[in-house]
Amino acid sequence: MRNHTKLTDEQLICSYAAGDNVAFDTLLLRHKDRLYNYIYQMVHDSDVADDIFQETFVKVITTVRQGRYQDMGKFSAWVTRIARNLAIDSFRAEKSEAAVSTDNTEIDILNRRELSEDTIEDIMIDLQIEDDIRMLVDRLPDVQKEVLTMRFYQDLSFKEIADLTGVSINTALGRMRYAILNLRKMAKENELCLTR
């Protein structure tokens, strides 16, 4: 029997497109925690996050089955983009439903921006910052990009990073330091603001 866990995302998609449902299950299992957490961070509501998560994979299934998936070696980025777009659509729908007049209500001392959840504009800004950071990370030297990705996107400790990359912890820390310095320098050169 074929060991699906050793296949790349793209190999799994090809297998699924050819009728292998276990390949899809493996793909889902591989990405579900990261993707669900990403969605939840945007919507702060487990029911909405569940809905968006399921809708995301319905779109994945539909696209793959219709033969419209373009193999660019970036399944993870593609599925995240689908989830992000669905989350934005959800915010827009919620915003239009919540457009209620407050003319006749008393002033609420708790109705302050710093106490409220993020608006769609805040989320759009955050997503743009995230895109800008990813673009800058892609421009880093490979060893710096590797350490930064393992630390921030895979949440590995510096000891784990050192073990996986075959270097000392000090070398891993040094690469991270230079990566952050380079990101700041590139952000300044490109006039990018990386905070809201």
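Above this text sits the structure in question.
Along each chain, numbering runs from 1 in the same order as the chain's sequence is written. Where totals are concerned, whole chains, interfaces and linings use all residues; where local detail is concerned, this predicted model gives features only for residues with pLDDT of at least 70, and gives and counts side-chain atom pairs only at 80 or more. Computation of side-chain values: all heavy atoms of the structure, hydrogens and water removed.

**Regarding the packing of helix H1 (residues 9-17) against helix H3 (residues 46-65)**
- Note on geometry: axes are C-alpha line fits, over the in-contact stretch for helices, and angles between N-to-C directions span 0 to 180 degrees. Numbering of helices and strands runs from the N terminus, with a helix taken as a DSSP run of H or I at least four residues long and a strand as a DSSP run of E at least two residues long. At a minimum axis distance of 9 Å, the contact between H1 and H3 shows a crossing angle of 70 degrees. In this view, H1 runs roughly perpendicular relative to H3, as classed from their interaxial angle. Both H1 and H3 take part in a crossing whose hand is right-handed. Contacts between H1 and H3 pair Ile 13, Tyr 16 and Ala 17 from the former with Ile 61, Val 64 and Arg 65 from the latter.
- Throughout, the ten residues Ala, Val, Leu, Ile, Met, Phe, Trp, Tyr, Cys and Pro are labelled nonpolar, Asp, Glu, Lys and Arg are labelled charged, and all others, Gly among them, are labelled polar. Residue composition of the contact of H1 with H3, by class: five nonpolar, no polar and one charged. We call two directions roughly parallel when the angle between them is under 35 degrees, roughly antiparallel when it is over 145, roughly perpendicular when it lies between 65 and 115, and oblique otherwise. It is the rotation of the near helix from the far one that decides the hand of a crossing: anticlockwise by less than a right angle makes it left-handed, clockwise makes it right-handed. By definition, residues are in contact when any of their heavy atoms lie within 4.5 Å.

**Describing the layout of surface pockets**
- Roughly 1300 Å³ of internal volume is contained in the largest pocket.
- Elements with a contribution of two residues or more to the lining of the largest pocket: H1, helix H2 (21-43), helix H4 (75-97), helix H5 (120-138) and helix H6 (142-153).
- For the lining of the largest pocket, the element with the most residues is H5, which contributes nine residues.
- For the lining of the largest pocket, a count of residues per class yields ten nonpolar, nine polar and 13 charged. A cavity here means a set of 1 Å grid points, computed over protein atoms only, where a 1.4 Å probe fits but cannot escape. A pocket is an open set with protein on both sides within 12 Å along at least 5 of 7 lines, and lining residues have an atom within 4 Å of a point. Grid points are joined across faces, edges and corners, and a volume is the space filled by probe spheres set on the points.

**Regarding the packing of aromatic side chains**
- Two rings belonging to Phe, Tyr or Trp (six-membered ring only in the last case) form a pair when the distance between their centres is within 6.5 Å. Interplanar angles under 30 degrees mark stacking, angles over 60 mark edge-to-face geometry, and anything in between is tilted. Tallied over the entire structure, the rule returns eight aromatic pairs.
- Aromatic pair Tyr 36 and Tyr 40: ring centres 6.4 Å apart, planes at 20 degrees, arrangement stacked. Here Tyr 40 and Tyr 36 lie together in helix H2, a separation of four residues that amounts to about one turn.
- Residue Tyr 40 is classed as partly exposed on the basis of its relative accessible area of 34%.
- An aromatic cluster is defined as three or more aromatic residues linked by ring pairs; in this entry it consists of Tyr 16, Phe 24, Tyr 36, Tyr 40, Phe 53 and Phe 57.
- The ring centre of Tyr 178 lies 5.6 Å from the NZ or CZ of Arg 177, which sits over that ring. Note on classification: 1.4 Å probe, protein chains only; a residue is buried when its accessible area is under 20% of the maximum for its type, exposed when over 50%, partly exposed between these limits. For a lysine, the NZ atom is tested; for an arginine, the CZ atom; a charge sits over a ring if that atom is within 6 Å of the ring centre and within 35 degrees of the ring normal.

**Regarding the environment of Ser 157**
- Mapping Ser 157 onto the fold places it in the loop between H6 and helix H7 (158-165).
- For the pair formed by Ser 157 and Ile 169, sequence separation is twelve residues and the distance between their alpha carbons is 9.7 Å.

**Thoughts on the pattern of salt bridges**
- What makes a salt bridge here is a side-chain nitrogen of Lys or Arg within 4 Å of a carboxyl oxygen of Asp or Glu, nothing more. All told, the structure shown has two salt bridges when counted by the stated rule.
- Across the salt bridge formed by Arg 30 and Asp 9, the nearest N and O atoms sit 2.7 Å from each other. Of this pair, Arg 30 sits in helix H2 while Asp 9 sits in helix H1, placing them 21 residues apart in sequence.
- A relative accessible area of 13% means that Asp 9 is categorised as buried.
- Notably, a salt bridge pairs Lys 159 with Asp 163, separated by 3.0 Å at the nearest N-O pair. Within this pair, Lys 159 and its partner Asp 163 are both found in helix H7, separated by four residues, close to a single helical turn. The residues Lys 159 and Asp 163 share a single accessibility class, namely exposed.

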